[in-house]
Amino acid sequence: DMEFCIRPIQEQDFEGFRNLFCKSECLCNIGRETGQEDLVSFGEAYVQDVILNGDLSSFKALCSVFRTPPGRSELWIMVGSNQGEEKVIGAIGLEFKDAGAAELRRMCIAHEVRRRGLGLRLVQHCLSSAKKQGYLRVFLTTPVINSGAISMYEKAGFVRDCEDLEYSSPEIGIQKLKIAQLACAL
């Protein structure tokens, strides 16, 4: 039986986390499940942009987002271990925005362990840490089409606190993608 632990990411975890993030990008998976190729294309383009130009380009780039300022931001991984074999099976990040607010980012769970309450455990861990750090509010954005994730966030105490955003990226075939904004008061 697999055992799980949540801990701050370390440099040796970076490749496992990055691979998991790429495999679990929600638009790619929803697009594949529903036959919407435009969502798959957009998800793949988003992942490539984040990997090549964003915080997943290197461990140093990741730390510049999730460890700045020190003690106010972090990226945790969930590691599953089975018979001495460890694997990154989930992740969640808390990014400092201002003295009272942080953004929940880079949430992902391996497909093979979904629907077991592990995502909710990651979110609860993140919120508990945010509260200890003195944040008053944590917010996040996710595509409206990602209804399973929205339900999980609502179970954890998040509410849709303002109007959905509309995102367009015509160069990769996305005309209008609705983005839900959720927040949790701590």
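Located above this text is the structure these notes cover.
Reference entry: report on the structure contained in this document. On a predicted model such as this, the values are computed, not experimentally measured, just so you know. (Residues numbered from 1 in each chain as written. Predicted model: local features only at pLDDT ≥ 70, side-chain atom pairs only at ≥ 80, totals over all residues. Heavy atoms only, no water.)

The geometry of helix α1 (residues 14-23) relative to helix α3 (residues 37-53) is characterised by a closest axis approach of 10 Å and an angle of 160° between their N-to-C directions. One element, α1, and the other, α3, form an angle in the roughly antiparallel class. Both α1 and α3 take part in a crossing whose hand is right-handed. Mapping the contact onto sequence places Arg 18, Phe 21 and Cys 22 in α1 and Tyr 46, Val 47 and Ile 51 in α3. Partitioned by chemical class, the residues of the contact of α1 with α3 number 5 nonpolar, no polar and 1 charged. (Axes fitted to C-alpha atoms, helices over the stretch in contact; angles between N-to-C directions. Helix = DSSP H or I, 4+ residues; strand = E, 2+ residues; numbered from the N terminus. Parallel < 35°, antiparallel > 145°, perpendicular 65-115°, else oblique. Left-handed = near helix turned anticlockwise from the far one by under 90°. Contact = heavy atoms within 4.5 Å. Nonpolar A, V, L, I, M, F, W, Y, C, P; charged D, E, K, R; others polar.)

Attention now goes to the pattern of salt bridges. Following the criterion strictly, the structure yields 13 salt bridges and no others. The closest approach of N and O atoms between Glu 15 and Arg 18, which form a salt bridge, is 3.5 Å. Residue Glu 15 and its partner Arg 18 are located together in helix α1, separated by 3 residues, close to a single helical turn. Its relative accessible area of 18% is what places Arg 18 among the buried residues. Salt-bridge contacts for Lys 87 lead to Glu 112; the nearest nitrogen and oxygen are separated by 2.7 Å. One end of the pair, Lys 87, is in strand β3 (residues 85-98); the other, Glu 112, is in the loop between β4 (101-109) and α5 (118-132), and 25 residues separate them in sequence. Take Glu 112: its relative accessible area is 46%, and that puts it in the partly exposed class. Salt bridges here are not isolated pairs; linked through shared partners, they connect Asp 55, Glu 95, Lys 97, Glu 103, Arg 105 and Arg 106. (Salt bridge = Lys/Arg side-chain N within 4 Å of Asp/Glu carboxyl O. Buried < 20%, exposed > 50% of the residue type's maximum accessible area, 1.4 Å probe, protein only.)

A separate point is the packing of aromatic side chains. Under the criterion given, the structure shown has 4 aromatic pairs. Between Phe 42 and Tyr 167, the aromatic rings sit 5.5 Å apart at their centres with planes inclined by 55°, giving tilted as the arrangement. In this pair, Phe 42 is assigned in helix α3 and Tyr 167 in strand β7 (residues 165-169), connecting sequence segments 125 residues apart. By relative accessible area, which is 8% here, Phe 42 ends up buried. Measuring from centroid to centroid gives 5.8 Å for Tyr 153 and Phe 158, while their planes differ by 65°, and the two rings are edge-to-face. The class for Tyr 153 is buried, based on a relative accessible area of 5%. On the basis of relative accessibility, which here comes to 2%, the residue Phe 158 falls in the buried class. Looking at Arg 72, its charged tip hangs above the ring of Tyr 135, at a distance of 4.1 Å from the centre. (Phe/Tyr/Trp six-rings, centres within 6.5 Å; stacked < 30°, edge-to-face > 60°. Lys NZ or Arg CZ within 6 Å of the ring centre and 35° of its normal.)

With 49 residues, the main nonpolar core has Phe 17, Leu 62, Leu 104, Met 107, Val 123, Tyr 153 and Phe 158 as its most contacted residues. Among all residues touching Leu 104, those that are not within four sequence positions of it are Ile 92, Gly 93, Val 123, Cys 126, Val 138, Phe 139, Leu 140, Tyr 153 and Phe 158. Residues Cys 26, Leu 27, Phe 42 and Ile 179 belong to the second largest nonpolar core, which totals 7 residues. (Core = buried A, V, L, I, M, F, W, Y, C linked by side-chain atoms within 4.5 Å.)

Two faces belong to every sheet, and in a regular strand the side chains alternate between them. Burial analysis of strand β2 (residues 74-82) places 7 of its 9 residues in the buried class, which makes it a mostly covered element. Examined bridge by bridge, strand β1 (residues 3-8) and β2 share 6 bridges and lie antiparallel to one another. When the sheet's bridge partners are listed, Cys 5 is paired in β2 with Val 79. Note: β2 against β3, 9 bridges, orientation antiparallel. Opposite Gly 80, over in β3, you have Lys 87 as the bridge partner. Between β2 and β3, which pair antiparallel one after the other, the connecting turn spans 2 residues, and Gln 83 there sits at a positive phi close to 55°. (Pairing = 2+ DSSP bridges.)

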